[in-house]
Amino acid sequence: MIYENLAGLTQKAIETDLISAADQIYARNQALHLLGLEAFPDSPIEPINDTIPNLLENIIAIAIERGVIADVFDEKEILAANIMNCFVARPSVINATFNEKYKISPTEATDYFYKLSVNSNYIQMNRIKKNISYKVDTPYGEMDITINLSKPEKDPEQIKREREMKQTYNYPKCLLCKENEGYTGRTGYPARANHRIINIPLMNENWYLQYSPYVYYNEHSILFSEEHRDMKIDRNAFERLLTFTNKFPHYFIGSNADLPIVGGSILTHDHYQAGRYEFAMTQATDSFSFQLEAFPEIKASVVKWPMSVIRLKGSKLDSLVSAADHILQTWRGYTDESANVMAFTGDTPHNTITPIARNREGIFEIDLVLRNNRTTDEHPLGIFHPHADVHHIKKENIGLIEVMGLAVLPPRLKDELNEMSEFLQGNTTQVADYHQEWANQLKAKYGTLSDFQQAETILQKELGDKFVRVLEDAGVLKERQAFERFINTLNNK
């Protein structure tokens, strides 16, 4: 069946415009070599009609059976990426096509590149489908809940190999460096042979656009610096974000904060996340508006949101950047002990911002989410971090995606929520120890439930409420009076 699957993959590559019909023999021959095959049969082969990810999974399974590779995670990933690379054009061709389509419209360009990233199996659609995702109504709008099941667990042999491997390489320097493009991979480092990036010049620097291999929302993309340098939120960052929305007005773009605890998982490479999706935060209304006296042309407001968000709107990019930078610089040095906000402990800074930029039909908008990463004995993971009583749901950092209203929850919750469902239906008395208090509260609130559907509906709602609590914990200025004190500082500085 190897030939039927390979013929099917070749046919799908033609149908999805990865290659043209004129390329099929060349591409197929490259794949034959990777599979340890020296010829393709002369007799007619009936191509298997299936999706590219399914055909590729079939081919990898056959390669294991034939002894081409071992049944080990990294070997499977490397072979799969290299096979798909046979059907993906060189970076120069893809960049040239993107730029030609951009002349038609920015949307045409990103549609092309997103489609290519899906069809090349760089975006792992089969794995992403495993995620459990739904929306839930909250006082702040309809939020997204995702239990992340897309990233595969490593098998014991893979873990053993990584443990025994001597770390002798520093190439690529990190997962976001441009040197990942086309990189075969190795034990402990992901295969990127089928990975492509688009050069996006911004403010006299080279930046690169790629899609996340495990997208959490529509067209989840990453924009990263050519230079391997630390994340930094500053005036230049605001200008880059807003300039990007001018180039790609159908995409939002935001950045994780640049300090530990309140930042993202990669702080060592300057990068942003973008996409074509409306989060609950995007649709959030104003709690109240205020005047930035130094910037009368800017509309400023505090957003009705569980975290502390100042929204700025204006038609002139330069003045919006200056206003955002004024807020950042003021916040960096701002202390309000009554709100538990301290700018420094000794020389260690605590205040920063998570920014999100949009272009709404020519009106630029930037949300500035105030962050503080101070810790105490009572809250060793962070005062403005999910508190201990919600760690059974979410203990990890609250990054950009969560800030905007999409919960990315750990895979353990899939089975644990099934246990919770059985508990609420009276079928078991056992739940995970850290869920026991929550389970008892729900049992007292709802009584014994009649069926699985009822239990699932309630658990989804209650999980949404927990996520709101997580975000409220991460909110820095909890009351309007605290916001007004900060605004007063802004207008007197």
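Heads up: these notes are all about the structure in this document. (Residues numbered from 1 in each chain as written. Predicted model: local features only at pLDDT ≥ 70, side-chain atom pairs only at ≥ 80, totals over all residues. Heavy atoms only, no water.)

Moving on to the sheet that holds strand β1 (residues 132–138). In space, the three strands of this open sheet follow the order β1-β2-β15, with mixed pairing throughout. If you trace the sheet from one side to the other, it starts and ends with β1 and β15 (406–409), each paired once. Pairs of neighbouring strands in the sheet enclose a mean axial angle of 20°, with direction left out of account. Taken together, the four bridges between strand β2 (residues 141–147) and β15 define a ladder with parallel strand orientation. Among the inter-strand pairings, T146 is bridged to a residue of β15, identified as V408. Its contacts with the sheet place helix α15 (residues 452–474) against β1, β2 and β15, and it is angled at close to 75° to β1. (Pairing = 2+ DSSP bridges. Helix = DSSP H or I, 4+ residues; strand = E, 2+ residues; numbered from the N terminus. Axes fitted to C-alpha atoms, helices over the stretch in contact; angles between N-to-C directions. Contact = heavy atoms within 4.5 Å.)

Ranked by size, the top nonpolar core spans 92 residues in total, and within it I83, L312 and L477 carry the most contacts. Among the elements that line this core, the one with the most residues is helix α11 (residues 317–332), at eight residues. In this view, L312 contacts L292, I298, K299, A300, L320, A323, A324, I327, F364, E365, I366 and L368; residues no more than four positions away in its chain are not counted. Listed in part, the 48 residues of the second largest apolar core include I393, L400, W438 and A455. (Core = buried A, V, L, I, M, F, W, Y, C linked by side-chain atoms within 4.5 Å. Buried < 20%, exposed > 50% of the residue type's maximum accessible area, 1.4 Å probe, protein only.)

Per the counting criterion, the structure on display carries 29 salt bridges. Across the pair D71 and K76 runs a salt bridge whose closest N-O atoms are separated by 3.0 Å. One salt bridge in this structure joins E219 and R276, with 3.4 Å as the shortest N-O distance. Remark: R276 occurs in the loop between β7 (271–275) and α10 (280–283) and E219 occurs in the loop between β4 (205–211) and β5 (221–225); sequence separation between them is 57 residues. Residue E219 is classed as buried on the basis of its relative accessible area of 6%. The exposure class assigned to R276 is partly exposed, which follows from its relative accessible area of 30%. When salt bridges that share partners are traced, they join R311, K313, R358, R360, E365 and D367 into one network. (Salt bridge = Lys/Arg side-chain N within 4 Å of Asp/Glu carboxyl O.)

Our focus in this paragraph is the environment of N492. Mapped onto the secondary structure, N492 falls in the segment after α16 (480–490). From its side chain, N492 meets the backbone oxygen of N488 in a polar contact 2.6 Å long. (Polar contact = N/O pair within 3.5 Å; in protein donor to acceptor, adjacent residues only side chain to side chain.)

Inspection of the secondary structure assignment puts E365 in strand β14 (residues 363–372). A polar contact is formed between the side chain of E365 and the side chain of R358, at a distance of 2.6 Å. Engagement of the side chain of E365 in a polar contact is seen with the side chain of R360, the distance being 3.0 Å.

Here the bond from Y171 into P172 is cis, since omega is -20°, no more than 30 degrees from zero. Mapping P172 onto the fold places it in the loop between α8 (156–164) and β3 (198–202). At N121, a position not held by glycine, the phi torsion is positive, near 65°. By the secondary structure assignment, N121 is in the loop between α6 (106–119) and α7 (125–128). Phi angles above zero are rare outside glycine, and N340 is one such case at about 70°. Its location among the elements puts N340 in the loop between α11 and β11 (344–345).

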